[in-house]
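Survey of secondary and tertiary structure
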Amino acid sequence: MHREYTLREAYRRASSFLQDNGAEENANFEAELLIRRLVGLDRTQFFMHLSDPFPADLATKLEEWLRRRAAGEPLQYIVGDQEFYGRVFHVSPAVLIPRPETELLIEAVIDEAGRRFAEDALRVVDVGTGSGAIAVTLALEKPQWHLTAIDLSASALEVAQMNAARYGVREQICWLQGDLLAPVGAGLSDIDILVSNPPYIPSQTVYELERQVRDFEPHLALDGGDDGLSPYRRMVSALASVKAGPKLICFEIGADQGRAVAELLGNVCQEVTVKQDLAGLDRIVVGWRSAVG
Ligand code: GLN
């Protein structure tokens, strides 16, 4: 790709490269997206400027991106971001790419808290924050809340803090590195809301996931132990060890985990509800620990 050519030619070539190299499913769309991101054009601009020259100094980068995509790497890691709850989050292979289903977790937390808490300045802990999508979104949607974000991975926390800084809420969030609720220690008693999208895929199933998840997303964020329930079990047992502590607990779950996680939460909550995602699959479990007023 050395002589000068147009965006249209670059687009056609990129699309046929993807088609011929194992990424045929959305080749046109993906070729367009990669080129638009490289040259910095939105969709409308792109189709209006198809006859413009493709900048020669971007050709090597485009080739690299196309090779990575053909090898199965998620587009989000290649371009470095994913939209979540209407905002753009930086992502790297250190973090799970935020999923649209997790937006329902945000809605569940906001709705449930709005219905039952009298006070405004709630203390919220997000366990396994990853890209920070949950903690940063809640900090922005609820500026009066005090967020704590925990992750076992230092490199995930770096990504999350970068996202928080981008939206000006880095100081509003307390950042802790460690395993599930462990870093909170006795402070668990002072928390009002626990929210988490923990790893919940059974260890064996991780190897059966589609290639772009299995080979590129961090297994630390996916692998929930033998039956996928280990993180819930351990968080619930931490909750069982304190009298006070989170009154509202919102977990994202795998589609077949509704009953098991509801049962687990039932050990520490008086009220447990399983909510479905847009595909009608169990996706969120909400627990209330005692009457709140
Ligand atoms: N929803 C993710 C997936 O299907 C898994 C997320 C998780 O384990 N928390 O890949």
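Residues numbered from 1 in each chain as written. Predicted model: local features only at pLDDT ≥ 70, side-chain atom pairs only at ≥ 80, totals over all residues. Heavy atoms only, no water.

Digging into the sheet that holds strand β5 (residues 173-177)
Pairing is mixed across the open sheet formed by seven strands, whose spatial order is β5-β4-β3-β6-β7-β9-β8. Where the open sheet ends on each side, the last strands, each with one partner, are β5 and β8 (271-276). The mean inter-strand angle of the sheet, taken between neighbouring strand axes irrespective of direction, is 15°. Across six bridges, β8 lies against strand β9 (residues 282-288) in antiparallel orientation. Considered in β9, the bridge of Lys275 is made with Ile284. The strands touched by helix α7 (residues 133-141) within the sheet are β3 (123-127), β4 (146-151), β5 and β6 (193-196), with β4 carrying the most contacts at an inclination of about 175°. (Pairing = 2+ DSSP bridges. Helix = DSSP H or I, 4+ residues; strand = E, 2+ residues; numbered from the N terminus. Axes fitted to C-alpha atoms, helices over the stretch in contact; angles between N-to-C directions. Contact = heavy atoms within 4.5 Å.)

Quick notes on the pattern of salt bridges
Considering all chains together, one arrives at 18 salt bridges under this definition. Residues Glu32 and Arg36 are paired through a salt bridge, measuring 2.9 Å at the closest nitrogen-oxygen approach. Here the residue Glu32 and the residue Arg36 both occupy positions in helix α2 (residues 27-39), the gap between them amounting to four residues, near one helical turn. The exposure classification of Glu32 matches that of Arg36, with both residues buried. Overlapping salt bridges, with partners in common, bring together Lys61, Glu64, Arg68 and Glu73 in one network. (Salt bridge = Lys/Arg side-chain N within 4 Å of Asp/Glu carboxyl O. Buried < 20%, exposed > 50% of the residue type's maximum accessible area, 1.4 Å probe, protein only.)

So, the UniProt feature "binding site: S-adenosyl-L-methionine" (unreviewed entry) in the chain
UniProt records the feature "binding site: S-adenosyl-L-methionine" (unreviewed entry) for Gly128, Thr129, Gly130, Ser131, Gly132, Asp151 and Asn197 in the present numbering. Sequence-wise these annotated residues cover 70 residues; spatially they are packed, their C-alpha atoms never more than 11.5 Å apart. Topologically, Gly128 is positioned in the loop between β3 and α7. On the accessibility criterion, Gly128 (31% relative accessible area) is partly exposed. (UniProt positions renumbered as here; feature names shortened; annotations may be inferred.)

Describing the site of the ligand
In the region of the ligand, the neighbouring residues are Leu96, Arg99, Asn197, Pro198, Pro199, Tyr200, Ile201, Ala221 and Leu222. Interatomic distance of 3.5 Å between a backbone N/O atom of Ala221 and an oxygen atom of the ligand. Out of a free accessible area of 300 Å², the ligand has 85% covered by protein chains. For the shell around the ligand, the per-class residue count stands at seven nonpolar, one polar and one charged. (Near = heavy atom within 4 Å. Polar contact = N/O pair within 3.5 Å; in protein donor to acceptor, adjacent residues only side chain to side chain. Areas by Shrake-Rupley, 256 points an atom, 1.4 Å probe, with all protein chains shown as cover. Nonpolar A, V, L, I, M, F, W, Y, C, P; charged D, E, K, R; others polar.)

A look at the packing of aromatic side chains
For the structure on display, the rule yields nine aromatic pairs. When the ring of Tyr5 is compared with that of Phe54, the centres are 5.8 Å apart and the planes differ by 15°; the resulting orientation is stacked. Taken together, the residues span a long stretch of sequence, with Tyr5 in the segment before α1 (7-20) and Phe54 in the loop between α3 (43-48) and α4 (59-70) at a distance of 49 residues. Judged on exposure class, the residue Tyr5 and its partner Phe54 are both buried. Between Tyr232 and Phe251 the ring centres are 5.3 Å apart and the planes differ by 55°, which places this aromatic pair in the tilted class. Placement of Tyr232 in helix α11 (residues 230-240) and of Phe251 in strand β7 (residues 248-252) is noted, with a sequence separation of 19 residues between them. By relative accessible area, Phe251 is classed as buried at 0%. Among the aromatic side chains, those forming a connected cluster through ring pairs are Phe84, Tyr85, Phe89 and Tyr167. (Phe/Tyr/Trp six-rings, centres within 6.5 Å; stacked < 30°, edge-to-face > 60°.)

Some remarks on the packing of α11 against helix α12 (residues 258-266)
Axis separation between α11 and α12 bottoms out at 9 Å; the angle between their running directions is 10°. By the angle class used here, α11 and α12 are roughly parallel. As α11 packs across α12, the resulting crossing turns out to be right-handed. Contact residues: Tyr232, Arg233 and Val236 in α11; Val261, Leu264 and Leu265 in α12. (Parallel < 35°, antiparallel > 145°, perpendicular 65-115°, else oblique. Left-handed = near helix turned anticlockwise from the far one by under 90°.)

Details of the side chain of Gln76
Assignment of secondary structure puts Gln76 in helix α5 (residues 75-79). One polar contact links Gln76 to Gln82, side chain to side chain, over a distance of 2.8 Å.

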